[in-house]
Amino acid sequence: KQEVTQIPAALSVPEGENLVLNCSFTDSAIYNLQWFRQDPGKGLTSLLLIQSSQREQTSGRLNASLDKSSGRSTLYIAASQPGDSATYLCAVVRGTNAGKSTFGDGTTLTVKP
Amino acid sequence: DGGITQSPKYLFRKEGQNVTLSCEQNLNHDAMYWYRQDPGQGLRLIYYSQIVNDFQKGDIAEGYSVSREKKESFPLTVTSAQKNPTAFYLCASRTSGRSDTQYFGPGTRLTVL
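Just so you know, the residues in each chain are numbered from 1, in the order the chain's sequence is written. The naming scheme follows written order: chains are lettered A onward, ligands numbered 1 onward. For this predicted model, a pLDDT threshold of at least 70 governs which residues receive local features, and a threshold of 80 or more governs which side-chain atom pairs are given and counted, while totals over whole chains, interfaces and linings are taken from all residues. Only heavy atoms go into the side-chain values, all of them from the structure, while hydrogens and water stay out.

**Considering the sheet that holds strand E3 (residues 19-25) of chain B**
Residue and element names in this part refer to chain B. DSSP calls a pair of strands paired once it identifies at least 2 bridges connecting them. Only DSSP runs of H or I with at least four residues qualify as helices, and only runs of E with at least two residues qualify as strands; both kinds are numbered from the N terminus onward. Taken in spatial order, the four strands make up an open sheet running E1-E3-E8-E7, and their pairing is antiparallel. Edge positions in the open sheet fall to strand E1 (4-7) and strand E7 (64-66), since each of these has one partner strand only. Adjacent strand axes in the sheet meet at a mean angle of 20°, parallel and antiparallel pairs treated alike. Relative to strand E8 (residues 76-78), E7 runs antiparallel, the two being bridged by three bridges. Bridge pairing in E8 links Ser65 to Thr77. For helices, the fitted line uses only the C-alpha atoms of the stretch in contact; every axis is such a line through C-alpha atoms, and the angle between N-to-C directions lies from 0 to 180 degrees.

Pasting the structure below:
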């Protein structure tokens, strides 16, 4: 059974700092990994999707990497801003045809002005 | 605007009642999903559907039921058999390809009185 872990559960940084969020998974037989952002009481917004054959994806100040062999992904946020404050979740699509995802519990990020 | 809508945003239920949560998408996606999110936790899959008139149980289907009579609609019924239904419910969709991005609705918060 696939298990996804995100550490730390919460992170507080001053504005302008670069930071890394971690996601680990137990079964390397994945099709892709997706990073989401969730604001309080809201739905999830997709940030980046990495296919199993890819090593990284970039969008603006965000960079996500994937190492299937070690079961790890990282989300790098450059020059953090208060508007980046949110919960960040990673999800892995399982090795089936159903496209079912297993989610981590998320990392809640606070960027202080 | 293309997207996923969920209604109502807030729902209150008395113990012993069945309630139905609505999910509609105009993205022309084949696959739709229902997740449950409890405070401080990630998402857990309740039911999913890859095509009209077909759906499968997810990891926590007990006490829930769904239907998929139209491509655009995937309603979730929370029955009285669900012992702890108070949670945030999220609907999502994606194209039939398992490698595609998953899109989420804004969620419904269900509270049992």
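**Side note on the nonpolar core**
One broad rule of soluble globular proteins: the nonpolar side chains tend to lie buried together. Here the nonpolar core consists of buried residues drawn from Ala, Val, Leu, Ile, Met, Phe, Trp, Tyr and Cys, with membership extended through side-chain atoms lying within 4.5 Å. Buried means the residue's accessible area, taken with a 1.4 Å probe over protein chains only, is under 20% of the maximum for its type, while exposed means over 50%, and partly exposed covers the values in between. Counting residues in each nonpolar core, the largest one holds 22 residues, and the members touching the most others are Phe25(A), Leu33(A), Trp35(A), Leu75(A), Ile77(A), Tyr88(A) and Leu109(A). At the level of secondary structure, the elements contributing two or more residues to this core comprise strand E3 (19-25), strand E4 (32-38), strand E5 (44-51), strand E7 (62-67), strand E8 (72-77), strand E9 (86-93) and strand E11 (107-112) of chain A. Counting 19 residues, the second-largest nonpolar core is a separate cluster that includes Ile4(B), Val19(B), Val66(B) and Val78(B).

**What about the sheet that holds strand E6 (residues 56-59) of chain A?**
Backbone-to-backbone hydrogen bonds join strands into a sheet, with any given pair of strands oriented parallel or antiparallel. All names here are of chain A. Spatial strand order, E1-E3-E8-E7-E6: five strands in an open sheet with antiparallel pairing. Each edge of the open sheet is held by one strand with a lone partner, namely strand E1 (4-7) and E6. The mean angle between the axes of side-by-side strands here comes to 15°, regardless of whether they run parallel or antiparallel. Where E3 lies against E8, six bridges are found, and the strand directions are antiparallel. The partner of Leu19 across the bridge, within E8, is Ile77.

That's the geometry; what it means functionally is another story.
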